[in-house]
Amino acid sequence: MEGLMSFQANSIRSVVSRQQNFPTFSPKITTTRPIGMLRNSKLFNSFVASVQPLDASAAFDNTLPSKEVLDVWQNADAVCFDVDSTVCIDEGIDEFAEFCGAGKAVAEWTARAMNGSVPFEEALAARLSLINPSLKQLQDFLKRPPRLSPGIDLLVNKLKDTNKDVYLVSGGFRQMISPITSILGIPLENIFANQILFGSNGEFAGFDKNEPTSRKGGKATAVQQLRKAHGYKSLVMIGDGATDLEARMPGGADLFVCYGGVQLRESVAAKADWLVYNFKDLINSLV
């Protein structure tokens, strides 16, 4: 887009693997209030220290993986992670909206998008229009370090140790995701995400619609592209939302692991090949 500058950030790749004999975990989590809304709560720090979901395990029959699921997990060539509410505790766009004074309205759109009730591209455009951020606001927001989900660093390290490629595939924004790469040791070029665009004076100018993750089915497209490019025989997608579930399709991910340790979206969790509430389950199941 001529005359526009994009506040650049690179891409991310991540690696995930598998192991058996994982501990059983009795989940405890609320399904209604986004964790990001707790930022100003005095209880937030203690909440994050032990992300404990409500005992919802009885509602799902996929919290214990089958032999076939474990086999795919343990032998995958690559693992793709969603970022918001998976790698990170927060929904990045919701946090940015709150920072810019549009938190409540944007969070409502995020919930609808993640539950699959509205097309992702529609929700993305609506949320950004409500925020209407400037480049300066984004730069100020990025001064705050990202808050990682408990155990994600250990899982990524384990995946690296088992020579599995790791990617971050997100409907969020490269600008917000790139700081995670230095923390987790993931190559910048392994990010598949969206890009906020700004005009020559730093004014908001939309988003890059050429990114596959900017539209419905975008994560599936991104996964298909990287799988074809690298010739992966087996690939896993890990996330919490409907757009992550979409990546499990022919030519895309062979396995979808739903991470419910931050947000439990029941309609997504019920369709997952494996539902986990703690990354220790995935770490312990790697061989």
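By the naming in an unreviewed UniProt entry, the chain is phosphoserine phosphatase, taken from Anisodus tanguticus. According to the UniProt record, the Cofactor (unreviewed entry) comment for the chain is "Mg(2+)". UniProt annotates the chain under Pathway (unreviewed entry) with the comment "Amino-acid biosynthesis; L-serine biosynthesis; L-serine from 3-phospho-D-glycerate: step 3/3."

Visitor: Looking at this structure, I do not really get the overall build of the chain. What am I missing?
Guide: Within the chain, the regular secondary structure consists of 12 helices and nine strands. Classification of the 287 residues of the chain by burial places 55% in the buried group. Sequence-distant contacts in the chain: of pairs separated by 6 or more residues, those separated by 24 or more amount to 73%.

Visitor: What should I look at first to understand empty space enclosed by the protein in this one?
Guide: With a probe scaled to a water molecule rolled over the atoms, the places where space remains empty come into view. Overall, the coordinates contain three cavities of 30 Å³ or more when judged by the stated rule. Each pocket or cavity is described by its volume, and for the largest cavity that value is around 280 Å³. Lining of the largest cavity is provided by 21 residues; of these, Asp-90, Gly-92, Phe-141, Pro-146 and Met-176 occupy positions nearest its centre. When residues of the lining of the largest cavity are assigned to their parent elements, the largest contribution, four residues, is made by helix 8 (residues 174–184). A per-class count over the lining of the largest cavity returns 12 nonpolar, three polar and six charged. In this model, the second largest cavity occupies a volume close to 120 Å³. Going through the elements one at a time, helix 4 (103–114), helix 5 (120–131) and strand 3 (165–173) are the ones with two or more residues in the lining of the second largest cavity. Examining the composition of the lining of the second largest cavity, we find that four residues originate from one element, strand 3, more than from any other.

Visitor: Before we go on, may I ask you to explain helix 7 (residues 152–161) in this structure?
Guide: Working note: α-helix, 3.6 residues per turn, so residues spaced by three or four point in the same direction. For helix 7, the set of buried residues is Ile-152, Leu-155, Val-156 and Leu-159. End-on view of helix 7: buried residues confined to an arc of 95°, all on one side of the axis. Exposed side chains of helix 7 directed beyond 90 degrees from the buried face belong to Leu-154 and Asp-161. Buried residues belonging to helix 7 abut helix 2 (67–75), strand 2 (78–81), strand 3, helix 8 and helix 12 (279–284). Two residues or fewer after helix 7 comes Asn-163, characterised by a positive phi angle close to 60°.

Visitor: Explain the UniProt feature "active site" (unreviewed entry) in the chain here, please?
Guide: With numbering aligned to this structure, UniProt lists the feature "active site" (unreviewed entry) at Asp-82 and Asp-84. Lining residues of the largest cavity drawn from the annotated set just named are Asp-84. By the secondary structure assignment, Asp-82 is in the loop between strand 2 and helix 3 (92–99). When neighbours within four sequence positions are excluded, Asp-82 is seen to be in contact with Val-87, Val-169, Ser-170, Lys-219, Met-237, Ile-238, Gly-239, Asp-240 and Asp-244. Within the local environment of Asp-82, its side chain forms a polar contact with the side chain of Lys-219, the two groups lying 2.9 Å apart. When you line up the elements, Asp-84 lands in the loop between strand 2 and helix 3. Apart from residues lying up to four places away in sequence, Asp-84 is in contact with Asp-90, Glu-91, Gly-92, Ile-93, Gly-172 and Asp-240.

Visitor: Any chance you could explain unusual backbone geometry here in plain terms?
Guide: Where the residue is not glycine, phi is negative for most of them; where a peptide bond is considered, it is trans in most cases. Here Asn-132, not a glycine, exhibits a phi torsion of approximately 45°, which is positive. Within the fold, Asn-132 resides in the loop between helix 5 and helix 6 (135–141). For Asn-163, which is not glycine, the phi dihedral falls at a positive 60°. Assignment of secondary structure puts Asn-163 in the loop between helix 7 and strand 3. Its relative accessible area of 68% is what places Asn-163 among the exposed residues.

Visitor: Mind showing me how you'd approach the pattern of salt bridges here?
Guide: Side-chain pairs of opposite charge can arise where the charged atoms are in close proximity. Taken as a whole, this structure holds 11 salt bridges when the rule is applied. Note that Glu-211 is salt-bridged to Arg-174, the shortest N-O span being 3.2 Å. Taken together, the positions of Glu-211 in the loop between strand 6 (204–207) and helix 9 (218–230) and Arg-174 in helix 8 put the pair 37 residues apart, joining distant regions of the chain. Across this residue pair, the class does not change: Glu-211 and Arg-174 are buried. Connected through shared salt-bridge partners, Asp-82, Lys-219 and Asp-244 make up one network.

Calculation notes
- Residues numbered from 1 in each chain as written.
- Predicted model: local features only at pLDDT ≥ 70, side-chain atom pairs only at ≥ 80, totals over all residues.
- Heavy atoms only, no water.
- UniProt positions renumbered as here; feature names shortened; annotations may be inferred.
- Helix = DSSP H or I, 4+ residues; strand = E, 2+ residues; numbered from the N terminus.
- Buried < 20%, exposed > 50% of the residue type's maximum accessible area, 1.4 Å probe, protein only.
- Contact = heavy atoms within 4.5 Å.
- 1 Å grid on protein atoms, 1.4 Å probe; cavity = no way out; pocket = protein on both sides within 12 Å on 5 of 7 lines; lining within 4 Å.
- Points joined across faces, edges and corners; volume = space filled by probe spheres on them.
- Nonpolar A, V, L, I, M, F, W, Y, C, P; charged D, E, K, R; others polar.
- Arc of directions from axis to C-beta.
- Polar contact = N/O pair within 3.5 Å; in protein donor to acceptor, adjacent residues only side chain to side chain.
- Salt bridge = Lys/Arg side-chain N within 4 Å of Asp/Glu carboxyl O.

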